[in-house]
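So the chains spell out like this:
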Amino acid sequence: MDHSTHHTAPAGAGNGRTHGHGHGHGQGHGHGTTWATAMQATLHCLTGCAIGEILGMVVGTALMWGNVPTMVLAIALAFVFGYSLTLFAVVRAGVSMKAAVKVALAADTVSIAVMELVDNGIIALVPGAMDAHLSDGLFWYALLGGFAVAFVITTPVNKWMIGRGKGHAVVHAYH
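Note that this is a predicted model, so its numbers are computed, not measured. (Residues numbered from 1 in each chain as written. Predicted model: local features only at pLDDT ≥ 70, side-chain atom pairs only at ≥ 80, totals over all residues. Heavy atoms only, no water.)

(A) Broad picture of the packing of aromatic side chains. As enumerated under the stated definition, the model contains 2 aromatic pairs in all. With a centroid separation of 5.9 Å and an interplanar angle of 50°, the aromatic rings of Phe79 and Tyr83 are classed as tilted. Residue Phe79 and its partner Tyr83 are both found in helix H2 (residues 67-92); the two are separated by 4 residues, about one turn of the helix. Judged by its relative accessible area of 21%, Phe79 is partly exposed. (Phe/Tyr/Trp six-rings, centres within 6.5 Å; stacked < 30°, edge-to-face > 60°. Helix = DSSP H or I, 4+ residues; strand = E, 2+ residues; numbered from the N terminus. Buried < 20%, exposed > 50% of the residue type's maximum accessible area, 1.4 Å probe, protein only.)

Below you can see the structure in the form of C-alpha cells.
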C-alpha cells in the first residue's frame, strides 16, 4: 500500500485531522509510536478475534464437530469479525466498500494472524484444553489466558508496524 495514503483523512472523513496517532514518518524505527496507540490497535484486534473465536467454538461444539474443524471455523470467524470491525468504522467515515476492504486487509491481517497463532497455540498446548467443553472452566481459562498472552505478544508487533506506517496506522486517517 502506498505509505502516503494514510497521512491525512480524505475530505469529509472523520474529523478532518491528520492521522495524529504520533508515529514517526520516515524514521523507520518506530520512534514516536506510543504504547497506548499500539495497545488500542491490539485491543481493537482482540475484540474482533474474541467475538469470532468464541462464536466459532460455540458453533463447532454445538454441532459436535471435532477439534480441527471447530478451530478452523473459530479462526475464520476471528478474521471475519476482526476485519468487520475495521470495515464498519472506515465505511462510516465515508469510504467506499472496495477501498474499505483494502484498508481492513492492510490494517488487520498481520495483527489478527499473530493473535490467532498465539491464542490457538496456547489452547493447543494447555493439557486437556482441546477436549474441554464449553461448560468446563478449563476451556474458558485456556481461551482467556490465550487471549491475554496474545495481547501481550501482539502489542509490540502492532507498535512496530504502526511506527512504519503499516498495520493499524492506515486506519487512523479515517478516525
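(B) Just the packing of helix H1 (residues 35-62) against H2, in detail. Contact geometry of H1 with H2 gives a least axis separation of 7 Å together with a crossing angle of 145°. Here the hand of the crossing between H1 and H2 comes out right-handed. For the contact of H1 with H2, a count of residues per class yields 11 nonpolar, 10 polar and 1 charged. (Axes fitted to C-alpha atoms, helices over the stretch in contact; angles between N-to-C directions. Left-handed = near helix turned anticlockwise from the far one by under 90°. Nonpolar A, V, L, I, M, F, W, Y, C, P; charged D, E, K, R; others polar.)

(C) Geometry of the packing of H1 against helix H4 (residues 137-163). At a closest axis distance of 8 Å, the pairing of H1 and H4 adopts a crossing angle of 145°. In terms of crossing hand, the pair formed by H1 and H4 is right-handed. Only Phe139, Trp140, Leu143, Phe147, Phe151, Thr154, Thr155, Pro156, Asn158, Lys159 and Ile162 of H4 make contact with H1, whose side of the interface consists of Trp35, Thr37, Ala38, Met39, Ala41, Thr42, Leu43, Leu46, Ala50, Glu53, Ile54 and Met57. When the residues that make up the contact of H1 with H4 are grouped by side-chain class, the tally is 16 nonpolar, 5 polar and 2 charged. (Contact = heavy atoms within 4.5 Å.)

(D) The arrangement of the environment of Ala89 in detail. As for its placement among the helices and strands, Ala89 is situated in helix H2. Judged by its relative accessible area of 25%, Ala89 is partly exposed. Once the C-alpha coordinates of Ala89 and Val171 are considered, the two residues, 82 residues apart in sequence, prove to be 8.8 Å apart.

(E) Structural context of the nonpolar core. Ranked by internal contacts, the top residues of the largest apolar core, which has 31 residues, are Cys49, Val90, Val103, Met115, Val171 and Tyr174. Within the residue set of this core, elements represented by two or more residues are H1, H2, helix H3 (97-125) and H4. For this core, the element with the highest residue contribution is H3, accounting for 8 residues. Those residues in contact with Val103, other than ones at most four positions away along the chain, are Val90, Val170, Val171 and Tyr174. (Core = buried A, V, L, I, M, F, W, Y, C linked by side-chain atoms within 4.5 Å.)

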